[in-house]
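Letter by letter, the chains look like this.
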Amino acid sequence: MADGLTTGSLPTHRPHARAVWWRARYRVVPWWLRITVVYVLARIVTGVLMTGFASIQAANSFTLQHPKYLSFASIWDGAWYRVIATSGYPSTLPVDTAGHVTENAWAFMPAYPFLVRGLMVLTGGSFELMAVSVSLLTGWGAALVFRRLMGRFLDPARATFATVLFCVAPVSVMFQVAYAEAMGLFLLLVALLLLVERRFWTMLPVVLLLGMTRPTGLAFALLMVLFIGVWVIRPAWLRERSAPSVRQLVPAAVVAVVSGVVGLAWPAIAWAVTGVPRAYTDTELAWRSSYIGWKELVPFTPWVQGFGWWFRQPAGSVLLVLVLVGFAAFVLMPPARRIGLELRLWSVAYLVYLLAVFFPQSSTWRILLPIAPLLGIVALPRSRVYRVSVVVLCVVLQWVWLSWCWWVDGYDWTPP
């Protein structure tokens, strides 16, 4: 007998003994297995929701009526990834009668569809099966890395709950559809974990692949610049005892430069293949033309334009200011310090990048997935009622997101 426990029986003579017994058993289970169980259960819940929507899905430009799960999980951008995986990128840009570049495959990074293509060749599997499988597996990897990352700053219980929120988040649907988000998020979290551990040279191949999976290269370069600046000026904010030497700064600076170069590489490749200098940016602008018409890309104007379109002016500008002030207050409030400055700097860098180039519309919620490390702040309260309520809310918002963005309802202008 030890601490009142006997083999094969539950203790009954101490207050809260049952809870102690369960905690003891809980600690025996490896953390990665607990996260895997959470991830699988979350994907089953999301799968049930998606199957429900598929059962009422009418015939559309992507699928027949009542499509099977894999077909339903491969619509929207999945259709573009299928084109890339099977046919590659066009050497000539499509244009409309006015000469404007229209929507085409150059808007999408190559790493994910090329990986899917390789698996299709190796296994003989369909695009839908391979694409969704890559998302499921890399989403699982992202959940495991996320737990490791949260564990660098939070106690085990909070780190685990943050990972639960990560797995059931309103846009966690991305972990089981034919999109590059899961793969990109996995690589991003690996890079952030390596940054926290100061393993800069190991970051280089991760950053290279990340920049060819999702358009985050410039945002990550900005993160590294901010990180280096804080490291030099206020090392204590990064849990460092002293300012870094030049030798310590070199690898961090190399990562910043490489990430910036990768962020510019895809537009350069599109230019080289098509012969059009603005092939990539003009392609991206095609997606917002249905909202605001054809306009030049002027950095830091898209959000003003977007909020003006959605809410009219001056209400749009006022609301945008309130959103930005609210975000700043959230990442700067004292409890937010618990997740470390590196993760908050990344969220700021990524938001600055979005403010510079992204036009806010229905895919905004998916585009915000890379700031998932901020879930560590949401996970701080210990109240059981609070935690259950947040999980239930996340599942409900999954249903809302699927209904509004994913499910194709006639002429649908709200792509995910």
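Residues numbered from 1 in each chain as written. Predicted model: local features only at pLDDT ≥ 70, side-chain atom pairs only at ≥ 80, totals over all residues. Heavy atoms only, no water.

## Considerations on the overall build of the chain
Right, on to step 1. If you tally the helices and strands in the chain, you get 18 helices and zero strands.
Right, on to step 2. Taken over the C-alpha trace, the chain has a radius of gyration of 23 Å; the compact-globule value for 416 residues is 22 Å, and the two agree within 12%.
Right, on to step 3. With respect to the principal axes defined by its C-alpha atoms, the chain has extents near 85 × 60 × 50 Å.
Right, on to step 4. Within the chain, the proportion of its 416 residues that are buried is 50%.
Right, on to step 5. A fraction of 71% describes how many contacts in the chain between residues 6 or more apart in sequence connect residues 24 or more apart.
Right, on to step 6. When the accessible surface of the chain is split by element, carbon and sulfur atoms take 70% of a total near 19,900 Å².
Right, on to step 7. Both charge centroids of the chain, one from 32 positive and one from 15 negative side chains, sit 16 Å from each other. (Helix = DSSP H or I, 4+ residues; strand = E, 2+ residues; numbered from the N terminus. Rg over C-alpha atoms; globule rule 2.2 N^0.38 Å. Buried < 20%, exposed > 50% of the residue type's maximum accessible area, 1.4 Å probe, protein only. Contact = heavy atoms within 4.5 Å. Areas by Shrake-Rupley, 256 points an atom, 1.4 Å probe, with all protein chains shown as cover. Lys, Arg positive; Asp, Glu negative; His and termini not counted. Charge placed at Lys NZ, Arg CZ, Asp CG, Glu CD.)

## Description of the state of the cysteines
Right, on to step 1. One pass over the structure, following the stated rule, counts zero disulfides.
Right, on to step 2. In this model Cys 167 remains outside any disulfide bridge; the closest cysteine sulfur is found in Cys 394, 11 Å from its own.
Right, on to step 3. Note on Cys 167: relative accessible area 0%, which makes it buried. (Disulfide = S-S within 2.5 Å.)

## A word on the nonpolar core
Right, on to step 1. Counting residues in hydrophobic clusters, the biggest one holds 129 residues, and the most contacted among them are Phe 166, Phe 220, Met 224 and Trp 406.
Right, on to step 2. Here this core gets 13 residues from one element, more than from any other, and that element is helix α8 (residues 181-196).
Right, on to step 3. Aside from chain neighbours lying at most four places away, what touches Phe 220 is Leu 188, Ala 191, Leu 192, Met 203, Val 207, Leu 210, Val 255, Ser 259 and Trp 346. (Core = buried A, V, L, I, M, F, W, Y, C linked by side-chain atoms within 4.5 Å.)

## Re the side chain of Arg 43
Right, on to step 1. The residue Arg 43 is located in helix α2 (residues 31-55) in this model.
Right, on to step 2. Here Arg 43 is buried and forms no salt bridge, its nearest opposite-charge partner Glu 181 lying at an N-O distance of 13 Å.
Right, on to step 3. One polar contact links Arg 43 to Ser 172, side chain to side chain, over a distance of 3.2 Å.
Right, on to step 4. Discounting chain neighbours no more than four positions away, the residues touching Arg 43 are Leu 136, Cys 167, Ser 172, Phe 175 and Gln 176. (Salt bridge = Lys/Arg side-chain N within 4 Å of Asp/Glu carboxyl O. Polar contact = N/O pair within 3.5 Å; in protein donor to acceptor, adjacent residues only side chain to side chain.)

## Some details on the environment of Met 212
Right, on to step 1. Locating Met 212 in the fold gives a position in the loop between α9 (200-211) and α10 (217-233).
Right, on to step 2. Each C-alpha atom, one on Met 212 and one on Val 325, is 32 Å from the other, the two residues being 113 residues apart in sequence.
Right, on to step 3. Setting aside residues up to four positions removed in sequence, Met 212 forms contacts with Met 109, Pro 110, Ala 111, Val 262, Ala 265 and Trp 266.

## A closer look at helix α4 (residues 77-87)
Right, on to step 1. Along α4, the positions that sit buried rather than exposed are Asp 77, Gly 78, Ala 79, Tyr 81, Ile 84 and Ala 85.
Right, on to step 2. Positioned one or two residues after α4, Gly 88 has a phi angle of 80 degrees, which is positive.

## Considerations on unusual backbone geometry
Right, on to step 1. The peptide bond linking Gln 313 to Pro 314 adopts the cis configuration, its omega dihedral lying at 5 degrees.
Right, on to step 2. By the element assignment, Pro 314 lies in the loop between α13 (302-311) and α14 (315-332).
Right, on to step 3. Even without glycine at this site, Trp 76 takes up a positive phi of about 55 degrees.
Right, on to step 4. Take Trp 76: it is sitting in the loop between α3 (69-72) and α4.
Right, on to step 5. With relative accessibility at 11%, the residue Trp 76 sits in the buried group.

## Here's the deal with the packing of α8 against α9
Each packed pair of helices is defined by two parameters, the angle between the axes and the distance between the axes.
Right, on to step 1. Across the interface, α8 lies against α9 with an axial gap of 9 Å and an inter-helix angle of 160 degrees. By the angle between their axes, α8 is roughly antiparallel relative to α9. Relative to α9, the crossing made by α8 is left-handed. For the pair α8 and α9, contact is made by Gly 184, Leu 187, Leu 188, Val 190, Ala 191, Leu 194 and Leu 195 and by Phe 200, Thr 202, Met 203, Val 206, Leu 209 and Leu 210, respectively.
Right, on to step 2. Split into classes, the residues belonging to the contact of α8 with α9 amount to 11 nonpolar, two polar and no charged. (Axes fitted to C-alpha atoms, helices over the stretch in contact; angles between N-to-C directions. Parallel < 35°, antiparallel > 145°, perpendicular 65-115°, else oblique. Left-handed = near helix turned anticlockwise from the far one by under 90°. Nonpolar A, V, L, I, M, F, W, Y, C, P; charged D, E, K, R; others polar.)

## Some points on the confidence of the model for the chain
Low pLDDT marks stretches whose predicted atomic positions should not be read closely.
Right, on to step 1. For the chain, mean pLDDT is 93; residues scoring 70 or higher make up 94% of the total.
Right, on to step 2. Here residues 1-13 is modelled with pLDDT under 50, and outside its nearest four sequence neighbours on either side it reaches 12 contacts, counting other chains as well. (pLDDT = per-residue confidence, 0-100.)

## Details of a nonpolar patch on the surface
Right, on to step 1. Residues Val 29, Trp 32, Leu 33, Val 37, Val 40, Leu 41, Ile 44 and Val 48 make up a contiguous nonpolar surface patch of about 690 Å² in total accessible area.
Right, on to step 2. Position of Val 29 relative to the elements: it lies in the loop between α1 (17-28) and α2.
Right, on to step 3. Take Val 29: its relative accessible area is 32%, and that puts it in the partly exposed class. (Patch = residues over 30% accessible without salt bridge, like charges linked within 9 Å, V, L, I, M, F, W, Y side chains within 5 Å.)

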